[in-house]
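Structural description and commentary
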Amino acid sequence: MIRILVVGDRSPGSEEVQVLSELLDQKGYASLFSDQLDGQSSRVNGEFPDLILALSGYESTLAAVKDNAYLQATPVIALVDGLDSLESLLEQGAYDVVERPINPIQLENRIRNCTKSRDLAAQYEDAKKQMRDMTMFDSLTNLLNRRYFLSQALRELARTLRFGHSYSMIIVEPDNFKQINEEKGAEAGDAVLKHLAIICSDMARQIDMVGRLSGSEFVICCAETGADGANVVASRILEKVEKSVIPTPEGAVEYSVSVGVSELGPLEMDISPLLQRADNALVGAKRRGGDQVGLELLEED
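For the structure given in this document, a descriptive report is provided here. (Residues numbered from 1 in each chain as written. Predicted model: local features only at pLDDT ≥ 70, side-chain atom pairs only at ≥ 80, totals over all residues. Heavy atoms only, no water.)

This part takes up the pattern of salt bridges. According to the stated counting rule, one finds 13 salt bridges in the structure shown. The partner of Asp175 in a salt bridge is Lys286, and the shortest N-O contact between them spans 3.2 Å. One end of the pair, Asp175, is in the loop between strand S6 (167-174) and helix H6 (177-184); the other, Lys286, is in helix H9 (residues 272-287), and 111 residues separate them in sequence. Residue Asp175 is classed as buried on the basis of its relative accessible area, which comes to 8%. Judged by its relative accessible area of 28%, Lys286 falls in the partly exposed class. Among the ionic contacts, a cluster of salt bridges with common partners joins Glu16, Asp81 and Arg100. (Salt bridge = Lys/Arg side-chain N within 4 Å of Asp/Glu carboxyl O. Helix = DSSP H or I, 4+ residues; strand = E, 2+ residues; numbered from the N terminus. Buried < 20%, exposed > 50% of the residue type's maximum accessible area, 1.4 Å probe, protein only.)

This part is about the sheet that holds strand S1 (residues 3-7). Read from one edge of the open sheet, five strands run S2-S1-S3-S4-S5, paired in parallel fashion. One side of each edge strand has no neighbouring strand; the edge strands of this open sheet are strand S2 (30-34) and strand S5 (96-99). Each strand axis lies, on average, 20° off the axis of its neighbour in the sheet, ignoring direction. Where S1 meets strand S3 (residues 51-54), four bridges bridge the pair, whose relative direction is parallel. (Pairing = 2+ DSSP bridges. Axes fitted to C-alpha atoms, helices over the stretch in contact; angles between N-to-C directions.)

The next point concerns helix H1 (residues 15-26). Counted at 1.5 Å a residue, the expected span for H1 with its twelve residues is 16 Å, and the 16 Å between its end C-alpha atoms agrees. Those residues of H1 that sit buried are Glu16, Val17, Leu20, Leu23 and Leu24. Looking straight down H1, one finds its buried side chains confined to an arc of 130°; they lie on one side. When the buried face of H1 is taken as reference, the exposed residues oriented beyond 90 degrees from it are Glu15 and Gln26. The positive-phi residue at the C-terminal boundary of H1 is Gly28, with phi of around 80°. (Expected span 1.5 Å × (residues − 1). Arc of directions from axis to C-beta.)

The subject of this paragraph is the packing of H6 against helix H7 (residues 186-203). At a closest axis distance of 6 Å, the pairing of H6 and H7 adopts a crossing angle of 140°. Considering the angle they form, H6 stands oblique to H7. Seen from H6, the contacting residues are Phe177, Ile180, Asn181 and Lys184; seen from H7, they are Ala186, Ala188, Gly189, Val192 and Leu193. Here the residues of the contact of H6 with H7 are counted per class, giving six nonpolar, two polar and one charged. (Parallel < 35°, antiparallel > 145°, perpendicular 65-115°, else oblique. Contact = heavy atoms within 4.5 Å. Nonpolar A, V, L, I, M, F, W, Y, C, P; charged D, E, K, R; others polar.)

In structure tokens:
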């Protein structure tokens, strides 16, 4: 239901107010009449309005809408005695201006156009947000996707090099993931990935970044942290996974993970070698039977 707030100092018993009240009721709009726009009177049925009709005090109403963060996107239609102020009101932020006396059909059309435009604007903003999310987040796990994670990791690397902080990477992957997919099905495999994504996010620190690096690999960028600190995070992930059982349509799934850890070398200025060492450490952990943390550091000359 569309919520309309009618603002102005017209007498509640006036013919105009009665016409407006009957029109809004007939069309099924939720309406509220108020002398002025303030914190309490700006709500219709407890919610902020979808549209404001200004009967008088146009300048103060438009200014109040601009100053209210919750109402700034709310369109205002001004009902005026003449169109002399049309340009001025539009410049001040009015969405539309309707001349008195009220023509019910005309006003209804203006209200429909106004709310339709607002709906389209909201849909456009939703679409932009979805596009933004698609460029930033992995659709299955809601973690940062590979491209966005790497871009943010490079920004963090620049800050690390500037201030001389430590910087580490963790790569996590389920053991025998292919076997889980083959025996339990792709749905169970997805359930494992979602479960592991949550664990990685929960076990990481607030300043860490977590992303999906590839099909079954997850990556954690540990800012201001050396290998010892990253190893603590890795061990917490390992321990949490060991205690987990995931229900799936094909039955309960228990799994383990292998984790690779590495730290940025003293003279390194790129994350590629760091990620490669973390991946090497992960492969080494798997070769040793999995369910463990591997560590590979830059060899010093």
